[in-house]
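Observations on the three-dimensional arrangement
The lines below spell out each chain.
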Amino acid sequence: MCPSELLARLEFDGPERRQLTELVTITETSFFRNPPQMDLFAETMLPQLVETRRRSGAFRFRLWSAGCSIGAEPYSLAMILLEGITLPEAWDLEILATDVNLAAIKRVEEGVFTSRELDGVSKARRGRFFEDLGADRWRAIPELRRIVRAAPHNLSGPPPPGPFDIIFCRNLLIYFQEETVRTILNHFTHCVATDGALFLGHSEFPGLHSTRWRSMATPDAVCYRVTQPTERS
Ligand SMILES: C[S@@+](CC[C@H](N)C(=O)[O-])C[C@H]1O[C@@H](n2cnc3c(N)ncnc32)[C@H](O)[C@@H]1O
């Protein structure tokens, strides 16, 4: 059983549990992690879905960054949304950024990063999307922070209310046991939009645990679409 599964079963809450969570979770992350996947999102999935939503008159776009760590993933996605959507201010945009680690969630809420943490962010993007607070601290501009909504959430439990146009859950399923991965993937089938997509880490494959996802692959990257609704687990 992985540490976060064990944590979900602990029968106490409070500061000790929070400290334990922060100690046992691996929060390694980076901005624009796995660039081919980010390109698949920015150049293919996002334009397709935005066009469909625009045609239907639903100017709403929701992403879920599940297991978001300190925020590199949701803030990367927020930059892509602001770059890729014409007149973003006319849209209701939200990236729900969740993690079991409360210290990480606090970092997402603050939106402040060091230049080392911003390593994957180009100079042009850093200039456009981050303000220099001095002392090697850079804060995401209000337009980015407005899109990213941080909340604590344990993936071992029920999912937050959907639907989400795209779910990112990268580089954490590898830490879960088979049964938990199956439950999480099943939850995703119920809260991802029918024409939406799921992005996993490059060594995580839903096909190993579920037949309900089909891959949408480019030569360098892959994401998954849900095939059919299933019974809730
Ligand atoms: C290795 S990081 C990956 C961060 C980001 N998704 C990425 O790919 O850069 C894994 C994150 O998953 C979080 N995590 C671990 N178990 C979790 C759980 N049961 N529910 C929600 N988040 C969890 C950890 O706290 C950590 O921040």
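Up top is the structure.
One structure accompanies this document, and this report is about it. Just so it is clear, the structure is predicted and the values come from calculations on it, not from any experiment.

Definitions and cut-offs
Counting from 1, residues in each chain are numbered in the order their sequence is written. Two thresholds apply to this predicted model, a pLDDT of at least 70 for residue-level local features and 80 or more for giving and counting side-chain atom pairs, whereas whole-chain, interface and lining totals are computed over all residues. Side-chain figures throughout are based on the complete set of non-hydrogen atoms in the structure, without hydrogens or water. Put simply, DSSP marks the helices as runs of H or I at least four residues long and the strands as runs of E at least two long, and each gets a number from the N terminus on. When accessible area is computed with a 1.4 Å probe and restricted to protein chains, residues below 20% of their type maximum are described as buried, those above 50% as exposed, and intermediate ones as partly exposed. Contacts: residue pairs with any heavy atoms within 4.5 Å of one another. Note on areas: Shrake-Rupley, 1.4 Å probe, and residue coverage restricted to the protein chains presented here. If even one non-hydrogen atom of a residue comes within 4 Å of a molecule or strand, that residue is called near it. Identification of polar contacts relies on pairs of N or O atoms within 3.5 Å, with a donor-acceptor requirement for protein atoms, meaning one able to donate a hydrogen and the other able to accept it, and with residues adjacent in sequence counted only if both atoms are side-chain atoms. Each residue receives one of three labels: charged for Asp, Glu, Lys and Arg, nonpolar for Ala, Val, Leu, Ile, Met, Phe, Trp, Tyr, Cys and Pro, and polar for the others, Gly being one of them. Throughout, an axis means a line fitted to C-alpha atoms (over the contacting stretch in the case of helices), and angles, computed between N-to-C directions, take values from 0 to 180 degrees. Each crossing is labelled by how the near helix is turned from the far one, with a counterclockwise turn of less than a right angle marking it left-handed and a clockwise turn marking it right-handed. Expected span, for any helix, means 1.5 Å times one less than how many residues it has.

What follows concerns the overall build of the protein. Helix and strand counts for the protein stand at eight helices and ten strands. For the protein, buried positions account for 48% of its 233 residues. For the protein, long-range pairs separated by at least 24 residues make up 73% of all intrachain contacts whose partners lie at least 6 apart in sequence. By element, 51% of the accessible surface of the protein is carried by carbon and sulfur atoms, the whole surface being about 11,700 Å².

In this structure, phenylalanine 41 sits in helix H3 (residues 35–56). Judged by relative accessible area, which is 0%, phenylalanine 41 ranks as buried. Distance from phenylalanine 41 to cysteine 223, taken between C-alpha atoms, is 8.7 Å for residues 182 residues apart in sequence. Beyond its immediate stretch of four places on either side in the chain, phenylalanine 41 contacts Leu46, Pro47, Leu63, Leu77, Ile80, Leu81, Ile166, Phe168 and Phe199.

Before going further, it helps to examine the site of the ligand. Close to the ligand lie 20 residues; Thr29, Gly67, Asp99, Asn154 and Asn171 are nearest. Between an oxygen atom of the ligand and a side-chain N or O atom of arginine 33, the distance comes to 2.8 Å. Measuring from a nitrogen atom of the ligand, one finds a backbone N or O atom of arginine 170 at 2.9 Å. When grouped by side-chain class, the residues that make up the shell around the ligand number five nonpolar, ten polar and five charged.

Glancing now at the packing of H3 against helix H4 (residues 72–84). Contact geometry of H3 with H4 gives a least axis separation of 11 Å together with a crossing angle of 35°. For H3 against H4, the interelement crossing comes out right-handed. The segment H3 lies against H4, with Met38, Phe41, Ala42 and Leu46 engaging Ser76, Leu77, Ile80, Leu81 and Gly84. Residues of the contact of H3 with H4, tallied by class, amount to seven nonpolar, two polar and no charged.

The step from glycine 162 to proline 163 runs through a cis peptide bond, and the omega angle for that step is 0°. Examined against the element boundaries, proline 163 turns out to sit in the loop between strand S6 (148–152) and strand S7 (164–169). For serine 69, which is not glycine, the phi dihedral falls at a positive 55°. On the basis of relative accessibility, which here comes to 5%, the residue serine 69 falls in the buried class. A positive phi is found at alanine 135, a non-glycine position, where the angle reads about 55°. Inspection of the secondary structure assignment puts alanine 135 in the loop between strand S4 (130–134) and strand S5 (137–140).

It is worth spelling out H4 at this point. The end-to-end C-alpha distance of H4, which contains 13 residues, comes to 18 Å, matching closely the 18 Å that a straight helix rising 1.5 Å per residue would cover. The buried fraction of H4 amounts to eleven of the 13 residues, a majority that puts the element mostly inside the structure. Taken together, the buried positions of H4 are Ala72, Glu73, Pro74, Tyr75, Ser76, Leu77, Ala78, Met79, Ile80, Leu81 and Leu82.

These results come straight from atomic positions and should not be treated as a statement about function.
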